[in-house]
Amino acid sequence: METTVNTRVIQLLADKAELPVDELGLDRTLEEIGLDSLHLMEIALWAQREYGAVVPEGDLHHELTVGEALAYLDEKTAAAVR
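Given the structure is predicted, the values throughout are model-derived calculations rather than measurements.

Participant: Can you lay out the packing of helix H1 (residues 4-17) against helix H2 (residues 37-51) for me, pointing to particular residues and giving the numbers?
Facilitator: Two numbers describe how H1 lies on H2: the axes approach to 11 Å, and their chain directions differ by 150°. When the interaxial angle is binned, H1 and H2 end up roughly antiparallel. H1 and H2 meet at a crossing whose hand is right-handed. Here H1 contributes Val-5, Arg-8, Val-9, Leu-12, Leu-13 and Lys-16 to the contact with H2, which in turn contributes His-39, Glu-42, Ile-43, Trp-46, Glu-50 and Tyr-51. Split into classes, the residues belonging to the contact of H1 with H2 amount to 7 nonpolar, 1 polar and 4 charged.

Pasting the structure below:
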């Protein structure tokens with residue numbers, strides 16, 4: 001079941017990559033969808049601002065797949081919301 005947080009993260013990744021959501025592909029890496037280090041830092045700051053989730057520098061990196069990044073951010077934001 002997709003959570004509201006997960007839906008927001010998917011849309012954020014799509015917006016940063018300037019791609020439609022259906023073109024993200026869970027098995028594509030963040031680098032393959034066009035995200036650079038600045039995008040990843042912006043995503044980490046968004047998670048902190050929106051949910052109080054701390055995303056240590058380097059946890060989000062180019063080799064992660066979209067699916068791995070979603071799972072990681074979902075875990076971080078869920079833990080922060082509790």
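Participant: Describe the nonpolar core, naming the residues involved and giving the relevant values.
Facilitator: One finds Leu-13, Leu-30, Leu-35, Ile-43, Leu-60 and Leu-73 to be the most contacted residues of the largest nonpolar core, which totals 26 residues. Those elements that place two or more of their residues in this core are H1, H2 and helix H3 (66-81). In terms of residue count, the dominant contributor to this core is H1 (7 residues).

Participant: Any chance you could break down the pattern of salt bridges for me, citing the residues and the numbers?
Facilitator: Enumeration over the complete set of coordinates arrives at 2 salt bridges. With its nearest N and O atoms 2.9 Å apart, the salt bridge here joins Arg-8 to Glu-50. Of this pair, Arg-8 sits in helix H1 while Glu-50 is found in helix H2, placing the two residues 42 residues apart along the sequence. Look at Arg-8 and you get partly exposed, because its relative accessible area is 35%. The closest approach of N and O atoms between Lys-16 and Glu-42, which form a salt bridge, is 2.9 Å.

Participant: Can you lay out the packing of aromatic side chains for me, pointing to particular residues and giving the numbers?
Facilitator: Between two aromatic rings, the relevant description is the distance of the centres plus the angle of the planes. Following the criterion strictly, the structure yields 1 aromatic pair and no others. Centroid distance Trp-46 to Tyr-51: 5.6 Å. Interplanar angle 75°. Geometry classified as edge-to-face. On the basis of relative accessibility, which here comes to 9%, the residue Trp-46 falls in the buried class. Classification of Tyr-51 by relative accessible area gives buried; the value is 16%.

Thresholds, definitions, all that
Residues numbered from 1 in each chain as written. Predicted model: local features only at pLDDT ≥ 70, side-chain atom pairs only at ≥ 80, totals over all residues. Heavy atoms only, no water. Axes fitted to C-alpha atoms, helices over the stretch in contact; angles between N-to-C directions. Helix = DSSP H or I, 4+ residues; strand = E, 2+ residues; numbered from the N terminus. Parallel < 35°, antiparallel > 145°, perpendicular 65-115°, else oblique. Left-handed = near helix turned anticlockwise from the far one by under 90°. Contact = heavy atoms within 4.5 Å. Nonpolar A, V, L, I, M, F, W, Y, C, P; charged D, E, K, R; others polar. Core = buried A, V, L, I, M, F, W, Y, C linked by side-chain atoms within 4.5 Å. Buried < 20%, exposed > 50% of the residue type's maximum accessible area, 1.4 Å probe, protein only. Salt bridge = Lys/Arg side-chain N within 4 Å of Asp/Glu carboxyl O. Phe/Tyr/Trp six-rings, centres within 6.5 Å; stacked < 30°, edge-to-face > 60°.

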